[in-house]
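Working through the structure, step by step
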Amino acid sequence: MTDQQAIKDCLSGNTHAYRHLVESYEEMAIKTAYRFLRDWDEARDASQEAFIRAYQALESFRAGSKFSTWFYRILVNLCTDRVRSSRFRKSVPLPVRPLTSGNPGPDAILEYRDLMEKALNQLPIKRRQVFILMDLEGRRGKEVAKILNINESTVRVHRMKAKEQLRKIIVKLI
Amino acid sequence: MNCRQFKRWMEKDPSAWYVDVRQALEEHQRTCESCRILWDHMQDFEDTIKECRNLSIPESVNADLWPDVFAQMTKSPVKRKWIFKPRFRLVLAWSFSTVAAVLVLWMLIGNPSIKQDMGPELDLIVDGATINGRDAQVMTFQFDEPKLSVIWME
Ligand SMILES: [Zn+2]
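What you see is a predicted model; the values in this text were computed from it and never measured. (Residues numbered from 1 in each chain as written. Chains lettered and ligands numbered in written order. Predicted model: local features only at pLDDT ≥ 70, side-chain atom pairs only at ≥ 80, totals over all residues. Heavy atoms only, no water.)

1. Here's the deal with the nonpolar core
Membership of the largest hydrophobic core comes to 78 residues, with the highest contact counts inside it found for Y18(A), F51(A), F67(A), F71(A) and M10(B). Among residues more than four places away in sequence, those in contact with F67(A) are D3(A), I7(A), Y18(A), L21(A), Y25(A), L58(A) and F61(A). (Core = buried A, V, L, I, M, F, W, Y, C linked by side-chain atoms within 4.5 Å. Buried < 20%, exposed > 50% of the residue type's maximum accessible area, 1.4 Å probe, protein only. Contact = heavy atoms within 4.5 Å.)

2. A look at a positive patch on the surface
On the surface, a cluster of positive charge is contributed by K168(A), K172(A), R4(B), R8(B) and K12(B). Of all the secondary-structure elements, those providing two or more residues to the positive patch are α9 (152–173) of chain A together with α1 (3–11) of chain B. If you trace the backbone, K12(B) turns up in the loop between α1 and α2 (19–31). (Patch = residues over 30% accessible without salt bridge, like charges linked within 9 Å, V, L, I, M, F, W, Y side chains within 5 Å. Areas by Shrake-Rupley, 256 points an atom, 1.4 Å probe, with all protein chains shown as cover. Salt bridge = Lys/Arg side-chain N within 4 Å of Asp/Glu carboxyl O. Lys, Arg positive; Asp, Glu negative; His and termini not counted. Charge placed at Lys NZ, Arg CZ, Asp CG, Glu CD. Helix = DSSP H or I, 4+ residues; strand = E, 2+ residues; numbered from the N terminus.)

3. With respect to the packing of α1(B) against α2(B)
All names here are of chain B. Contact pair α1 / α2: the axes reach a minimum separation of 11 Å and the direction vectors enclose 120°. Classified by the angle between their axes, α1 and α2 sit oblique to one another. Of the two possible hands of crossing, α1 and α2 adopt the one that is left-handed. Packed against α1, whose contacting residues are C3, F6, W9 and M10, the element α2 presents V21, L25, H28 and Q29 at the interface. When the residues that make up the contact of α1 with α2 are grouped by side-chain class, the tally is 6 nonpolar, 2 polar and no charged. (Axes fitted to C-alpha atoms, helices over the stretch in contact; angles between N-to-C directions. Parallel < 35°, antiparallel > 145°, perpendicular 65-115°, else oblique. Left-handed = near helix turned anticlockwise from the far one by under 90°. Nonpolar A, V, L, I, M, F, W, Y, C, P; charged D, E, K, R; others polar.)

4. Describing the packing of α2(B) against helix α3 (residues 33–51) of chain B
Pairs of packed helices are described in terms of their axes, by the angle between the two and the distance that separates them. All names here are of chain B. Viewed as axis vectors pointing N to C, α2 and α3 meet at an angle of 125°, and their least axial separation amounts to 6 Å. Here α2 is positioned oblique relative to α3, judged by the angle of their axes. Taking contact as the criterion, the partners of L25, E26, H28, Q29 and T31 in α2 are, on α3, E33, C35, R36 and W39.

5. Points about the coordination of the zinc ion
Residue and element names in this part refer to chain B. Binding of the zinc ion to the protein goes through C3 (SG), H28 (NE2), C32 (SG) and C35 (SG), at separations of 2.1 to 2.4 Å. Considering all 4 donor atoms around the zinc ion, the spread of angles at the metal, 100 to 119°, places the coordination shape in the tetrahedral class. In the primary sequence, the donor residues of the zinc ion line up as C-x24-H-x3-C-x2-C. Accessibility classification places H28 together with C32 in one group, the buried group. (Donors = N, O, S within 2.8 Å, 3.2 Å for Na, K, Ca; no water. Tetrahedral: all angles 85-135°; square planar, octahedral: opposite > 155°, others 65-115°.)

6. Thoughts on α3(B)
For α3(B), built from 19 residues, the straight-helix expectation of 27 Å at 1.5 Å per residue is met to within 8% by its first-to-last C-alpha distance of 27 Å. Along α3(B), the residues classified as buried are C35(B), L38(B), W39(B), H41(B), M42(B), D44(B), F45(B), E46(B), T48(B) and I49(B). (Expected span 1.5 Å × (residues − 1).)

7. As for the packing of aromatic side chains
Residue and element names in this part refer to chain A. Summed over the entire model, instances satisfying the criterion amount to 13 aromatic pairs over all chains. Centre to centre, the rings of Y34 and W40 are 3.9 Å apart; their planes meet at 5°, and the pair counts as stacked. By relative accessible area, Y34 is classed as buried at 14%. Pairwise contacts between aromatic rings join Y25, F51, F61, F67, W70, F71 and Y72 into one cluster. (Phe/Tyr/Trp six-rings, centres within 6.5 Å; stacked < 30°, edge-to-face > 60°.)

These figures come from the coordinates and say nothing about function on their own.
Right under this line is the structure:
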C-alpha cells in the first residue's frame with residue numbers, strides 16, 4: 001500500500017488504513033523528536049501526538065505532495081513548541097574544562113557527543129532545526145526547506161551559522 | 001598562514017573553506033604542533049556529527065505507536081474541511097439568498113401569467129365543525145393543489 005492510497009482510504013472512512021502511515025514513520029518520528037527533546041518518553045509522546053494531529057488534519061493534506069514531508073513539519077513544529085515551553089527552556093551549562101586534556105581520539109568523540117547535545121540547546125531554534133535535520137539526520141537541503149517551509153538558501157545560511165556556532169564552542173574548549 | 005588565522009578558519013564550517021584555504025590549513029597543521037591538535041579535534045568533532053546519525057531507540061521504549069494512536073483517533077475523528085473558504089462561503093450564501101428572494105418576488109408580482117392563473121381557480125370553502133366539543137369555523141383556500149385550511153376556534 002502506498003502513502004497516497006492509505007490517505008485516500010482514511011478519508012473515505014477506513015481508519016485502519018492510517019496504520020500503514022504510522023508504522024512507516026513511527027521509528028523515524030521518535031528519533032527526530034528525541035534529537036529535539038533529549039528524552040525518549042517525551043519523544044514517544046510527541047510522536048504520538050504528531051500522528052494524531054496529522055490524522056485530524058488529513059483533509060488539508062494536498063494530494064501530490066509527500067506525506068512524510070507534511071508529517072515531519074507537524075512533528076518538528078510540535079517539538080519546537082515543547083522545546084520553547086518552560087520545561088525545556090533551562091539551558092544546560094557547557095563544560096569549562098578543556099576537552100580530553102587536549103588529546104583527540106575515541107574518548108574525545110564520546111565527549112563531543114555529550115558536548116554537542118548541550119551546545120545544541122544554545123543555538124537559536126531555526127539553526128537547531130536545520131542542524132538536526134541536515135547534519136544529524138542526513139536530510140537534504142531541499143527536503144529540509146520543505147519541512148520548515150523556508151527557502152533553500154535560508155536553510156544553507158542557518159546550517160552554516162549553526163556549524164560555526166558549534167565549532168566556536170569546541171575551539172574555545174581546546 | 002599564521003596560528004591566529006588558522007584558528008579563525010577552524011571556527012568556520014569546512015564547506016566554507018576555499019580550495020587554497022584548505023591547502024594552507026593542511027600545510028600549517030603539518031608544521032605547527034598546537035594547531036595540529038586543534039585540527040585533529042575538529043576532525044573528531046565532524047566525525048561525531050556523522051556518528052550521531054546512527055541513533056537507535058532503546059529497548060525500554062515502546063516504539064509501536066499504533067495502539068495508542070488508534071485509541072485517540074476514535075475519540076477525535078478527521079476534522080471535515082469545508083470545500084469553500086469562509087469568505088467564499090459568505091459570498092455563496094449571499095448569492096443563494098438573493099437568487100431565492102428574486103425568484104419569490106418574480107413569482108408573486110413579476111409574472112402576470114401566474115396571477116391570472118391563480119384567480120379563477122381559487123376556491124374558498126367555509127364550513128362549521130365541532131372540534132373537541134367546541135364550535136369551529138374551517139376555512140379552506142383551495143387552489144388546484146395544494147390545499148390551505150385555516151381552522152378558526154370560537
Ligand atoms: Zn599554528
